[in-house]
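Summary of the model geometry
Here are the chains, one letter per residue:
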Amino acid sequence: MNRALRRTAVAAAAVAIGAGAGLVAGRRAVRNAARRARSVRDPARGEALRARPGDPIRVESFDGTPLEVRVVGEGAPGRPALVFAHGFSLDLTTWHFQWMDLARTHRCILFDQRGHGRSGGAGPGGYSVESLARDLRAVLDATVRDGSAVLIGHSMGGMGVLALAEHFPEEMGGRVRGAVLADMGAADLLKEALGDVAVRATASMRRALLALGGRPRTGERARRFALGPGRDLAFLAARLTNFAPGAPPSVVEHVAQVSANTPAEVWPECLISMLDLDIRDAEAKLSVPTLVLVGALDRLTPPAAARRMTSELLDARFVEIAGAAHVSMMEQPAAFNEAVESFLASLPSLPGLPSTETAPVRAAP
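Here the focus is the overall build of the protein. Regarding its fold elements, the protein presents 15 helices and 10 strands. A fraction of 80% describes how many contacts in the protein between residues 6 or more apart in sequence connect residues 24 or more apart.

Printed below as a string of structure tokens:
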């Protein structure tokens, strides 16, 4: 080998070694950062978060999509049932601290959104926000035939509540007596507040999601990576985007795991539907008393946007939860539940309503 070739080979080897060392160092940094984050004092028990209350009920939605529903708790006459709708890439287990507490006084109804948890993939209705509203109505039809309900939606679940008000306004003030919207943003409000910047960002994100939707294998590889060798990275990403510093590690781990388990094909269409959401018509139709909850440190749907939404709703109160970010119901469950219980106590009593069926408070795996 001549001198020039040797120099080239040595340089290439040095680059390769440097790149390999950088990769190893990067993995080590991620692992160390995850270890430090997991060392935070943790009062929660990770295995308990996976519990599903009651026995599974299969509800078929308008387009044949099968939804898994769970019912737990006893409701006294005149008390509304509580129907919980979870957020994007989560499942009904994210309401763990709510059903454990509120099922002592109310009948709690939880379900997995289409394509999430143990519900089936979407039928012809796809993953539009309107489909989420129609799923919510199917759950109401199956579980609250008599009596009343308060709808509690987190993030995407809250969008489904608003869409229900828009497409089925007759439910408001009839079967639906109140609503809780937790950590929920609205694309039109952000566009209004940020102007062209938000419009351009939304357009760029939509193009990226459409491209991802055309490459399902890429999404599936990313999902497998997050469940396996990239688990530390997925943990740190969940902590950065969804939680405040000092969040219980078991809660962060649970959210990261549930999110990574969400099928890859769900992501593009769901996110595009949320980007396209325009809630202005729905705001006028959500005529029931509404509680707007938001984590004070929520970076995805910040308190300013939640306050703005509160001011646009017809009958709404606002509560900001200190020390919580986007998944406030898991991060600060005591404060979240206290706000919900206070709101429920403020609702007009409904004497003479027939009580709904009840189920014992218990969890099934």
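Another point: the packing of aromatic side chains. Working definition: an aromatic ring pair is given by the centre-to-centre distance plus the angle between the planes. Across all of its chains, the model carries two aromatic pairs by this definition. Look at phenylalanine 84 and tryptophan 95: their rings are 5.0 Å apart centre to centre, the planes differ by 50°, and that puts the pair in the tilted class. Within this pair, whereas phenylalanine 84 is found in strand β4 (residues 81–85), its partner tryptophan 95 is found in the loop between β4 and α3 (96–102), the two being separated by 11 residues in sequence. Look at tryptophan 95 and phenylalanine 336: their rings are 6.4 Å apart centre to centre, the planes differ by 55°, and that puts the pair in the tilted class. With tryptophan 95 in the loop between β4 and α3 and phenylalanine 336 in helix α15 (residues 333–346), the pair connects residues that are 241 residues apart, well separated along the chain.

This part is about the pairing of strand β8 (residues 290–295). Within β8, six of the six residues are buried, leaving the element largely enclosed by the surrounding structure. For strand β7 (residues 176–182) and β8, the ladder comprises four bridges, and the chain directions are parallel. Within the sheet, the bridge partner assigned to alanine 179 lies in β8 and is threonine 290. Two elements, β8 and strand β9 (residues 316–321), share six bridges in a ladder whose sense is parallel. Paired with valine 294 across the two strands is glutamate 320, which belongs to β9. For the segment spanning β8, helix α13 (residues 303–312) and β9, crossover handedness is right-handed.

Take the environment of valine 252 next. Position of valine 252 relative to the elements: it lies in helix α10 (residues 249–261). Given the relative accessible area of 1%, valine 252 is considered buried. Separated by 14 residues in sequence, valine 252 and alanine 238 have C-alpha atoms that sit 6.5 Å apart. Each residue touching valine 252, except ones within four places of it in the same chain, is listed here: Phe235, Ala238, Arg239, Phe243 and Ala247.

In this section: the layout of surface pockets. In this model, the second largest pocket occupies a volume close to 310 Å³. Arg50, His254, Gln257, Val258 and Asn261 are the residues nearest the centre of the second largest pocket, which is lined by 18 residues in total. At six residues, α10 tops the list of elements feeding residues into the lining of the second largest pocket. When grouped by side-chain class, the residues that make up the lining of the second largest pocket number three nonpolar, nine polar and six charged.

Pairing is mixed in the open sheet, where eight strands are placed in the order β2-β3-β5-β4-β6-β7-β8-β9. A single partner strand is all that each edge strand has here, and the edge strands are β2 (56–60) and β9. Averaged over all pairs of adjacent strands, the angle between strand axes in this sheet comes to 20°, irrespective of strand direction. Both strand β6 (residues 149–154) and β7 contribute to a ladder of six bridges, which runs parallel. By the bridge assignment, histidine 154 is partnered in β7 with alanine 182. Where helix α4 (residues 129–143) meets the sheet, its contacts fall on β2, β3 (66–72), β4, β5 (108–111), β6 and β7, and the angle it forms with β3 comes to roughly 50°.

The backbone of serine 155 sits at a positive phi, close to 55°, despite the residue not being glycine. Tracing the chain through its elements places serine 155 in the loop between β6 and α5 (156–167). Of note, the phi angle at aspartate 183 is positive, near 45°, even though the residue is not glycine. By secondary structure assignment, the location of aspartate 183 is in the loop between β7 and α6 (187–194).

So, on to α4. The terminal C-alpha atoms of α4, which comprises 15 residues, lie 21 Å apart, in line with the 21 Å expected from a rise of 1.5 Å per residue. For α4, the complete set of buried residues consists of Val129, Ser131, Leu132, Ala133, Asp135, Leu136, Ala138, Val139, Leu140 and Thr143.

To continue, consider α5. Taking 1.5 Å of rise per residue, 12 residues should cover 16 Å, and α5 covers 16 Å from first to last C-alpha, within 8% of that figure. Across the 12 residues that make up α5, a large majority, 10, are buried. Every buried residue belonging to α5 is among Met156, Gly157, Gly158, Met159, Gly160, Val161, Leu162, Ala163, Leu164 and Ala165, and all of these are buried.

Now for the packing of α4 against α5. Two elements in contact, α4 and α5, have axes whose closest approach is 8 Å; the angle formed by their N-to-C orientations is 80°. Our classification of the angle between α4 and α5 gives roughly perpendicular. Touching Val129, Glu130, Leu132, Ala133, Leu136, Arg137 and Leu140 of α4 are Met156, Met159, Gly160, Val161, Ala163, Leu164 and His167, all from α5. Of the residues belonging to the contact of α4 with α5, the class tally is 10 nonpolar, two polar and two charged.

What follows concerns the environment of proline 124. Residue placement: proline 124 occurs in the loop between β5 and α4. The exposed category is assigned to proline 124, whose relative accessible area is 78%. Each C-alpha atom of the pair proline 124 and aspartate 63 lies 6.0 Å from the other, and the pair is 61 residues apart in sequence.

What counts, and at which threshold
Every chain's residues receive numbers from 1 upward, in the order its sequence appears when written. The predicted nature of this model means local features are confined to residues of pLDDT at least 70 and side-chain atom pairs, given and counted, to a pLDDT of 80 or more, with totals for whole chains, interfaces and linings taken over all residues. Only heavy atoms go into the side-chain values, all of them from the structure, while hydrogens and water stay out. To qualify as a helix, a DSSP run of H or I must reach at least 4 residues; to qualify as a strand, a run of E must reach at least 2; elements of each kind are numbered from the N terminus. Any pair of residues with heavy atoms lying within 4.5 Å of one another is described as a contacting pair. Working definition: rings of Phe, Tyr and Trp (its six-membered ring) pair if their centres are within 6.5 Å, and the pair is stacked with planes under 30 degrees apart, edge-to-face with planes over 60 apart, and tilted otherwise. Think of it in three bands: residues with accessible area under 20% of the maximum for their type are buried, residues over 50% are exposed, and the middle band is partly exposed, with areas taken using a 1.4 Å probe on protein chains only. A pair of strands is labelled paired if DSSP reports no fewer than 2 bridges between them. Look down the strands so they point away from you; if going from the first strand over the helix to the second traces a clockwise path, that crossover is right-handed. Here the term cavity refers to a set of points on a 1 Å grid, laid over the protein atoms alone, in which a 1.4 Å probe fits but cannot get out; the term pocket refers to an open set having protein on both sides within 12 Å along at least five of seven lines, with lining residues being those that place an atom within 4 Å of a point. Grid points are joined across faces, edges and corners, and a volume is the space filled by probe spheres set on the points. All residues other than Ala, Val, Leu, Ile, Met, Phe, Trp, Tyr, Cys, Pro, Asp, Glu, Lys and Arg, Gly among them, are scored as polar; the first ten of these are nonpolar and the last four charged. Throughout, an axis means a line fitted to C-alpha atoms (over the contacting stretch in the case of helices), and angles, computed between N-to-C directions, take values from 0 to 180 degrees. Here the expected span of a helix is defined as 1.5 Å times the quantity of residues minus one. An angle below 35 degrees is treated as roughly parallel, one above 145 as roughly antiparallel, one from 65 to 115 as roughly perpendicular, and anything else as oblique.

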